[in-house]
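Spelled out, the chains give:
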Amino acid sequence: MSNELFQIDPREYPDLDVYAVIGNPIAHSLSPEIHSQFATQTQQKIHYGKIFCELGGFKRVVEVFFARGGMGLNVTVPFKSEAFNLCTKLTDRAWAAGAVNVLTKVQGIYCGDNSDGVGLVRDLEQASCSFLASNILIIGAGGAVQGTVLPLMEKFPARIVIANRTLEKAQKVVERFNNEATRHQVEIKAISIADLTKENQAFDLIINCTSSGLNHQSPLTDDLAKHLVNLSQQEKKDTLVYEMVYGKITPFLEQFNALGSRTRDGFGMLVEQAAVAFESWISVEKDQKLDTFTVLQGLREKFQN
Ligand code: ATR
């Protein structure tokens, strides 16, 4: 196997704990910067790198990384479900998501967690979002949604509506989470995006979990966005509109900004999911709580310039 596959060799850092993010593509990843800042905040000596992995090479690269003393990996697109399949031990939220983005090896066993959904919830809490008895609209039905539903349910909203362009995919997500919905006493419902015009209850929180923003598209027509905002105005709700994509103002954000809604992009989710991973790897003392706010502000400033 070519050496290019192993840009990070933990043996080259004998005095440091070595972590990395693995994906394809990976050049754009901000994880090394975020984790380095957490390490500085908590006076930890770590090296955190990026691993570009060929499709088909994931298992082998992971094996070599851990065999050479690597301590933990963040896994990103397109390897999250491969990481899931590799794990013998999974957290409940990784199991529910069907995807792993935090991978460790303990006594020869791969252990997987999914920090995406809980990262989203933590970021929403930073934005003063209150979940209890709330009405939540999730747009999309792909991998990003699977990771999000359980952490949201654990905050006891009253209702979660999953709206997707392809109704069948939203129905599958609802089927998958039906038992959890009963356990948490949450009403869960699938709907096609086009049928959102028939919705007559205002949402407290609207989350765009689709990948549409990456292609400079919105999943909603302008009329649909307006309909959702009208519902909020009728019920005098200060609806928070959240876009998972970060680093640019997507057409979805543009629509709701133009309508005067309170909006937030996915930068905070990126920082918070990293914080959850960092805290699971390195025991952070209570008086050294991670300052995600400062990290997020720094990233936002960097992207604005
Ligand atoms: P991921 O695992 O990253 O979430 P995915 O499984 O391909 O990616 O899912 C992408 C999601 O974005 C899907 O819900 C997709 O809708 P469909 O199931 O109907 O394909 C949604 N999506 C992508 N582009 C979209 C667009 N322009 N409008 C509406 N939905 C879009």
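The coordinates are above.
Residues numbered from 1 in each chain as written. Predicted model: local features only at pLDDT ≥ 70, side-chain atom pairs only at ≥ 80, totals over all residues. Heavy atoms only, no water.

Q: What is the right way to read the sheet that holds strand β8 (residues 159–164) from this model?
A: Hydrogen bonding along the main chain pairs the strands of a sheet, whether they run parallel or antiparallel. Spatially, β9-β8-β7-β10-β11-β12 is the arrangement adopted by the six strands of the open sheet, whose pairing is parallel. In this open sheet, the two strands that pair with only one neighbour each are β9 (187–192) and β12 (262–264). Adjacent strand axes in the sheet meet at a mean angle of 20 degrees when their direction is disregarded. Where strand β11 (residues 240–243) and β12 come together, three bridges link them in parallel fashion. Paired with Tyr242 across the bridge in β12 is Arg264. Where helix α6 (residues 143–153) meets the sheet, its contacts fall on β7 (135–139), β8, β9 and β10 (205–208), and the angle it forms with β7 comes to roughly 170 degrees. (Pairing = 2+ DSSP bridges. Helix = DSSP H or I, 4+ residues; strand = E, 2+ residues; numbered from the N terminus. Axes fitted to C-alpha atoms, helices over the stretch in contact; angles between N-to-C directions. Contact = heavy atoms within 4.5 Å.)

Q: Honestly, the site of the ligand in this entry has me stumped. Any pointers?
A: Around the ligand, a shell composed of 14 residues is seen, among which Gly143, Asn164, Arg165, Thr166 and Gln217 lie nearest. Within the backbone of Gly143, one N or O atom sits 2.8 Å away from an oxygen atom of the ligand. At 2.8 Å, a side-chain N or O of Gln217 approaches a nitrogen atom of the ligand. Alone, the ligand offers 640 Å² of accessible surface; in the complex the protein occludes 71% of this. (Near = heavy atom within 4 Å. Polar contact = N/O pair within 3.5 Å; in protein donor to acceptor, adjacent residues only side chain to side chain. Areas by Shrake-Rupley, 256 points an atom, 1.4 Å probe, with all protein chains shown as cover.)

Q: Which parts of the structure should I look at to understand the environment of Met269?
A: Turning to its location among the elements, Met269 is positioned in helix α10 (residues 267–281). Between the C-alpha atom of Met269 and that of Val245, which follows or precedes it by 24 residues, the distance is 9.4 Å. When near neighbours in sequence (up to four residues on either side) are disregarded, Met269 contacts Asp116, Gly119, Leu120, Asp123, Tyr242 and Met244.

Q: Could you clarify how one ought to interpret the environment of His227 in this entry?
A: Secondary-structure assignment places His227 in helix α8 (residues 222–234). Taking the C-alpha atoms as reference points, His227 and Arg264, 37 residues apart in sequence, are found 19 Å from one another. Non-local contacts of His227, meaning those with residues more than four positions away in its chain, are made with Leu196, Thr197 and Glu199. Among the polar contacts listed, one links the side chain of His227 to the backbone oxygen of Glu199, at a separation of 2.9 Å.

That's the geometry; what it means functionally is another story.
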